[in-house]
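# Descriptive analysis of the structure
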Amino acid sequence: MNETETQTDAAPETRDFIRERIRSDLADGTTDQLVTRFPPEPNGYLHIGHAKSICLNFGVASEFKGLCRLRFDDTNPAKEEQEFIDAIEEDVRWMGFEWDGAPRHASDYFDQLYDWAVYLIENGKAYVDDLNAEEIRAYRGTLTEPGKDSPYRGRSVEENLDLFTRMKNGEFPDGAKVLRAKIDMSSGNINMRDPVIYRIVHKSHPRTGDTWCIYPTYDFAHGQSDAIEGVTHSLCTLEFEDHRPLYDWLVENLPVPASPRQYEFARLNLTYTVLSKRRLTQLVQEGHVNGWNDPRMPTISGLRRRGIPAAAIRDFVSRLGVTKSDSTVDPALLDHCVRELLNKTAERRMAVLRPLKVVIENYPDGEGENLDAVNNPEDDAAGKRQVRFGREIYIERDDFMEDAPKKFFRLAPGREVRLRWAYFITCTDVIKDDVGEIIELRCTYDPATKGGDAPDGRKVKGTLHWVAAENAVDAEVRLYDHLFTDPAPGRQEDFVSTLNPESLEVLTGCKLEPSLMDFEVGDAMQFERLGYFAKDPDSTDAAPVFNRTMTLRDTWAKIQANS
RNA sequence: UGGGGUGUGGCGAAGCGGUCUAACGCACCGGAUUCUGAUUCCGGCAUUUCCUAGGUUCGAAUCCUAGCACCCCAGCCA
């Protein structure tokens, strides 16, 4: 046992096939220093599936004293944009990780990649093909039948060189020619049937502008970029497993400075969630959600806006494991991580979402008082604050029932409950409007129960949150639910039809304890008995807006649902 | 008779031939405590069972053989 092991032994070791592999490569000297990379394509926003990859790549680098870089896989200017590059950098940082050095880009290596393409041609291992896309597909064969050689496969090195140079010089329109690696048209692995490695795209690139009109494909750029950067363990998802022979072929047949190895793990799937960039893009573009950072989106920016802390996402990912078996995780696990963290850290406040006015008849008119309230029972250091109490207050409509069953512990005619941090009150009368709607409650309070305890030792079953009418702040509160009603929305092409029409509920006229105005966007707080909330960026002092991050567990709701 | 993968409880996941009458977490179900029906706490939750069927072995979820199921691949996307 050496000293590094002694150090890592302090914390429980995470064991998965990738970490086992790294451990052994480090132990037998195959690897001197671990280098990984997180390689997003800037064609969309990062989502929670990427969070798994981010935590793996950056996590493993820090655990084994290695390096992790951020590298944009920007080989397709038709789809990529600067907006996405900026958002990705922000999201990775917010997740709590810092990459080694400046962000890298596959496009930083376009010159080198071009030279290597020429090298392949010179060695008779690549050729320019004049077949169009449909013809190439036809020549490729099928899953069960081998392909046929392109009629252009036998071109001379000189001709290939000339043609490739002219491709680069912009002499041909998009799609007129491609450069292909000359491997094996009869391979069982379709990726080895002379894959296209360069294509003509007359389109300005976010970084290289109009310098190029030919661009390398993913396969021709990824492994070589890894090699240039000295990446030792190139981690990607399962669908790239059958690209590995091509990855290795390129590394072996090119004079690259290193031999990175690719390892594949299962991507994250979540029930009730869609996690493919194509589908997320569709949701945004068709306006089914309000942008990439809509709090209902599984994007990192959406989760952030909803109020979910990065630490909860990291915790969630750490409980997932890293394997090669396809898996679909219940989002309840993320919920649990969020609640566990926020229960410990979020300060409590009172807010009434659906207000019902209560007049305390025996409380002196025109008077009020300040009462002590504990900010976080899980954390003494959070201290106390004062809340205003008076003759008129608001309680939650759900906390009153005119004909209450025995198991209902809240307010009902003749029943006594506690107002949190305040007094016991008893309901004496119910006021209704012309159509029979309850518009107000009349109650009496017991002055001896100030602070919330009865000196005579009598108990009440329920404790309600409330806000004094005197200084309540009006606010908008947005409640969120699953974006989809189908547990597996991604399985069907028409996933839009399974959108949950009740995924967003906007409440206005909510009554807030005024101290809530002191919180900043990004701060988490608990509205007592309701859930965790966060101030939305739309919020202004004049018109505050809060997002519900997560409900509290609600046993009462479950009892009601089961009866 | 294409290639590449994966199969352990509702979900995720340990397990690397004996200590497996199979960890742990989520979910779920009981019950206790509680000024949040929250939290916390206790208990239950795969008892010849680890995709199936054979085999090897004193002994298998772990090794072998044969099946079966599911996932990925026929973009000049990544």
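Residues numbered from 1 in each chain as written. Chains lettered and ligands numbered in written order. Predicted model: local features only at pLDDT ≥ 70, side-chain atom pairs only at ≥ 80, totals over all residues. Heavy atoms only, no water.

### As for the domain arrangement of chain A
A common measure of how large an interface is: the accessible area buried when the components associate. Segmentation of chain A into domains returns domain 1 (110-218) and domain 2 (348-477 + 510-562). If you average the C-alpha positions of domain 1 and of domain 2, the two centres end up 68 Å apart. (Domains from an automatic or database assignment.)

### What about the side chain of K177?
Relative to the assigned elements, K177 resides in the loop between α7 (157-168) and β5 (178-181). Overall, the relative accessible area of 11% leaves K177 in the buried class. In contact with K177, not counting residues within four places along its chain, are V128, D129, D130, L163, M167, F172 and I200. (Helix = DSSP H or I, 4+ residues; strand = E, 2+ residues; numbered from the N terminus. Buried < 20%, exposed > 50% of the residue type's maximum accessible area, 1.4 Å probe, protein only. Contact = heavy atoms within 4.5 Å.)

### Observations regarding empty space enclosed by the protein
The gaps left among the atoms become clear once a water-sized probe is rolled over them. If you walk through the whole model with that rule in mind, you get one cavity of 30 Å³ or more. Each pocket or cavity is described by its volume, and for the largest cavity that value is around 40 Å³. Around the largest cavity sit Y218, D219, H222, G223, H243, L246, Y247 and Q262, which together line it. For the lining of the largest cavity, the elements supplying multiple residues, two or more each, are α8 (218-229) and α9 (244-253). (1 Å grid on protein atoms, 1.4 Å probe; cavity = no way out; pocket = protein on both sides within 12 Å on 5 of 7 lines; lining within 4 Å. Points joined across faces, edges and corners; volume = space filled by probe spheres on them.)

### Quick notes on the pairing of strand β2 (residues 67-72)
Judged by how many residues are buried, β2 sits mostly within the fold: five of six residues are covered. Where strand β1 (residues 35-38) and β2 come together, four bridges link them in parallel fashion. Bridge pairing in β2 links T36 to C68. Between the parallel pair β1 and β2, the chain is carried across by helix α3 (residues 48-63), and the sense of this crossover is right-handed. With two bridges connecting them, β2 and strand β3 (residues 104-105) associate as parallel partners. Each residue of the ladder has a partner; that of F72, found in β3, is H105. Tracing the backbone out of β2, into helix α4 (residues 82-94) and back to the parallel element β3 gives a crossover that is right-handed. (Pairing = 2+ DSSP bridges. Right-handed = clockwise from strand over helix to strand, strands pointing away.)

### Notes on the layout of surface pockets
One number sums up the size of the largest pocket: a volume of about 1200 Å³. Looking at the lining of the largest pocket, the elements with two or more residues in it are β1, α3, β6 (196-200), α8, β8 (233-237) and α10 (277-285). Estimated volume of the second largest pocket: approximately 1000 Å³. Lining the second largest pocket are 30 residues, and of these R410, R529, D554, W556 and A557 lie nearest its centre. At the level of secondary structure, the elements contributing two or more residues to the lining of the second largest pocket comprise β19 (463-464), β25 (545-551) and α14 (555-561).

### Looking at the sheet that holds β5
Read across the open sheet, the four strands follow the order β4-β5-β6-β7; overall the sheet is antiparallel. Strands with a single pairing partner mark the edges of an open sheet, and in this sheet they are β4 (126-129) and β7 (214-216). On average, adjacent strands in this sheet sit at an angle of 20 degrees to one another, irrespective of strand direction. As paired strands, β4 and β5 are joined by four bridges and run antiparallel to one another. Within β5, the position partnered with D129 by the bridge is V178. Each of β4, β5, β6 and β7 touches helix α5 (residues 110-122); the most contacted strand, β6, lies at about 120 degrees to it. (Axes fitted to C-alpha atoms, helices over the stretch in contact; angles between N-to-C directions.)

### Details of the packing of helix α2 (residues 17-27) against α3
The N-to-C vectors of α2 and α3 enclose an angle of 35 degrees; their axes lie 12 Å apart at closest approach. As for the relative orientation of α2 and α3, their crossing is right-handed in sense. Within the contact between the two elements, α2 uses I18, R19 and I22 and α3 uses L56, V60 and E63. Looking at side-chain class alone, the contact of α2 with α3 contains four nonpolar, no polar and two charged residues. (Left-handed = near helix turned anticlockwise from the far one by under 90°. Nonpolar A, V, L, I, M, F, W, Y, C, P; charged D, E, K, R; others polar.)

### As for the packing of aromatic side chains
Evaluation of the coordinates by the stated rule reveals 20 aromatic pairs. Considering the side-chain rings of Y45 and W292, the 5.1 Å spacing of their centres and the 15 degrees angle between planes classify their relative orientation as stacked. In this pair, Y45 is assigned in the loop between β1 and α3 and W292 in the loop between α10 and α11 (300-306), connecting sequence segments 247 residues apart. Ring centres of F389 and W466 lie 5.3 Å apart, and the angle between their planes is 85 degrees; on these two criteria the pair is classed as edge-to-face. Taken together, the positions of F389 in strand β14 (residues 384-390) and W466 in strand β20 (residues 466-468) put the pair 77 residues apart, joining distant regions of the chain. By the burial criterion, F389 is buried, and W466 matches it. What links up through ring pairs into an aromatic cluster is the set F110, Y114, F164, Y198, W212, Y215 and F220. (Phe/Tyr/Trp six-rings, centres within 6.5 Å; stacked < 30°, edge-to-face > 60°.)

### Topic: the protein's contact with RNA strand B
Taken together, 66 residues sit near RNA strand B, with R348, R410, R420, G451 and T555 positioned nearest. One of the side-chain N or O atoms of R319 is found 3.0 Å from a sugar or linking oxygen in RNA strand B. One of the side-chain nitrogen or oxygen atoms of Q526 is found 2.7 Å away from a base nitrogen of RNA strand B. Elements with a contribution of two residues or more to the surface near RNA strand B: α6 (133-140), β6, α12 (310-320), α13 (332-345) and α14. Taken together, the residues that form the surface near RNA strand B break down as 19 nonpolar, 21 polar and 26 charged. (Near = heavy atom within 4 Å. Polar contact = N/O pair within 3.5 Å; in protein donor to acceptor, adjacent residues only side chain to side chain.)

### Observations concerning unusual backbone geometry
A negative phi holds for most residues other than glycine; trans holds for most peptide bonds. One non-glycine residue, D194, lies in the positive phi region at around 45 degrees. Its location among the elements puts D194 in the loop between β5 and β6. The phi dihedral of R529 falls on the positive side, at around 70 degrees, and the residue is not glycine. Of the residues examined, R529 reaches a relative accessible area of 32% and is grouped as partly exposed.

### Some points on the state of the cysteines
What the rule picks out here adds up to zero disulfides. C337 carries a free sulfur, and the closest cysteine sulfur to it, the one in C55, is 11 Å from it. Judged by its relative accessible area of 1%, C337 is buried. (Disulfide = S-S within 2.5 Å.)

### Examining the environment of R193
Mapping R193 onto the fold places it in the loop between β5 and β6. In contact with R193, not counting residues within four places along its chain, are R140, G141, T142, E145, P146, G147, R180, D184, M185, S186, S187 and G188. A distance of 2.4 Å separates a polar atom in the side chain of R193 from the backbone oxygen of S187.

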